[in-house]
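A structural walkthrough
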Amino acid sequence: MRVFLMVAVPVALLAGFTSASAQEDEPGYVQLVNEFFLNGSVYPQEQGEIQLTTYPRIDFDDGHRSAFPLAVELGLTDRWQLEAEWIPLAVNRPNGSAGRSGIGDVEIETQYSFMNLGGSSTHLAFGLGVTLPMGPEEAGGSEGETEVEPSISMARDVRAGGRPGQLFGQVAMGLVGREEGPVAIGDPEVDAHELILGLGYVVAAGRARWTAELSWASNEWNGGDETEVYFAPGLVWDLPETWELGIGAPIGLGGDAVPFGLSLFLLYEFELGDDD
């Protein structure tokens, strides 16, 4: 019942957003940010547009773990995009023992976005990603298993105090490959499927965008023993040209979450064949 409610509530919110916005007369949207820290974005890359992003992050928990992912996104159409991400370096330095480093996983993802549903200010995107294990788990950049992640992202444009903002959310599943056989509840060796839910809000203030995100992820419903809950305040700067810089601070709220971390991203967008 708990899992059903956690899935049903975001879907009901989306339905309410769509119904409430059916009377909007001026469809269109302003892209406040390209990326968030805990959730996916509904915004698509335009056809022929490329986005290059680096996502350095560090987690502080009995030492520290850091990773330096790189990603490239390509707009196949104005609504359909393809993304590839790889972690060329991950470092795990636990207290009291030798550190490990190595490469991390590769992820291939595609997303199709439906913007301004019914002429409203509500947006919806469907995504599908595949993660391929490439590096040592001890370095902290690999889960050591193939994972398929279908997702639904949703957003509703709003205004707060005359400033543009957006409510957004995400529902995703992490479906892992595992050996055949019965699943024992609470078995730490079980590769269990994961349910991921997220909510957030972003508001613009000049060239700055303030963000607040909440994320819940658990595999306990499928025989696993892990649940992670995070809250992440963040600040994104809309830099000159097509650069964007963000800094966020994921804070673990319970379960198996890392107590504190820092996430950064730096991205640049350009169009194929653009000589400027």
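Structure report, in brief.

Calculation notes
- Residues numbered from 1 in each chain as written.
- Predicted model: local features only at pLDDT ≥ 70, side-chain atom pairs only at ≥ 80, totals over all residues.
- Heavy atoms only, no water.
- Phe/Tyr/Trp six-rings, centres within 6.5 Å; stacked < 30°, edge-to-face > 60°.
- Helix = DSSP H or I, 4+ residues; strand = E, 2+ residues; numbered from the N terminus.
- Buried < 20%, exposed > 50% of the residue type's maximum accessible area, 1.4 Å probe, protein only.
- Patch = residues over 30% accessible without salt bridge, like charges linked within 9 Å, V, L, I, M, F, W, Y side chains within 5 Å.
- Areas by Shrake-Rupley, 256 points an atom, 1.4 Å probe, with all protein chains shown as cover.
- Salt bridge = Lys/Arg side-chain N within 4 Å of Asp/Glu carboxyl O.
- Core = buried A, V, L, I, M, F, W, Y, C linked by side-chain atoms within 4.5 Å.
- Contact = heavy atoms within 4.5 Å.
- Lys, Arg positive; Asp, Glu negative; His and termini not counted.
- Charge placed at Lys NZ, Arg CZ, Asp CG, Glu CD.
- Polar contact = N/O pair within 3.5 Å; in protein donor to acceptor, adjacent residues only side chain to side chain.
- Pairing = 2+ DSSP bridges.

Digging into the packing of aromatic side chains
- Under the defined criterion, the tally for this structure stands at eight aromatic pairs.
- On the basis of an interplanar angle of 40 degrees and a centroid distance of 5.4 Å, the ring pair of F37 and F265 is categorised as tilted. Placement of F37 in the loop between α1 (2-20) and β1 (49-54) and of F265 in strand β17 (residues 260-271) is noted, with a sequence separation of 228 residues between them. Here the two residues F37 and F265 agree in accessibility, since each one is buried.
- Summarising the aromatic geometry, the rings of Y268 and F270 are spaced 5.9 Å apart at their centres and angled 25 degrees between planes, so their arrangement reads as stacked.
- A connected cluster of aromatic rings, assembled from ring pairs, spans Y112, F114 and F126.

Observations concerning a nonpolar patch on the surface
- Taken together, the side chains of F60, L199, L214, F231, I251, L253, F260 and L262 define a hydrophobic patch exposed on the protein surface, amounting to about 640 Å² of accessible area.
- Positionally, L262 belongs in strand β17.
- For L262, a relative accessible area of 34% puts it in the partly exposed group.

Here we look at the nonpolar core
- In terms of nonpolar packing, the biggest core is built from 17 residues, with L32, V33, V42, V202 and F265 touching the most fellow members.
- Beyond its immediate sequence surroundings of up to four residues, V42 is in contact with Q111, S113, M115, H123, A125, S153, M154 and A155.
- Of all hydrophobic cores here, the second largest spans six residues; its members include L124, M154, L197 and W216.

Details of a negative patch on the surface
- On the surface, E137, E138, E143, D191, E220, D225, E226 and D256 cluster together into a patch of negative charge.
- Residue E143 is classed as exposed on the basis of its relative accessible area, which comes to 58%.

Observations regarding the side chain of S153
- Along the chain, S153 falls in strand β10 (residues 147-160).
- Exposure remark for S153: the relative accessible area of 1% places this residue in the buried category.
- A distance of 3.5 Å separates polar atoms of two side chains, one belonging to S153 and the other to Q170.
- Every residue in contact with S153, bar those within four places of it in the chain, is listed here: G40, V42, H123, L124, A125, G169 and Q170.

Describing unusual backbone geometry
- Although it is not a glycine, N116 adopts a positive phi angle of roughly 55 degrees.
- Looking at the element boundaries, N116 is found in the loop between β8 (106-114) and β9 (122-132).
- One non-glycine residue, E241, lies in positive phi territory at about 60 degrees.
- Looking at the element boundaries, E241 is found in the loop between β14 (227-238) and β15 (243-248).
- For E241, a relative accessible area of 71% translates into the label exposed.

A short note on the pairing of β9
- Sheet topology places β8 next to β9; nine bridges connect them, and they run antiparallel. Within β9, the position partnered with T110 by the bridge is L128.
- Bridge count between β9 and β10: ten bridges; the pairing is antiparallel. Counterpart to L128 in the pairing with β10 is P150.

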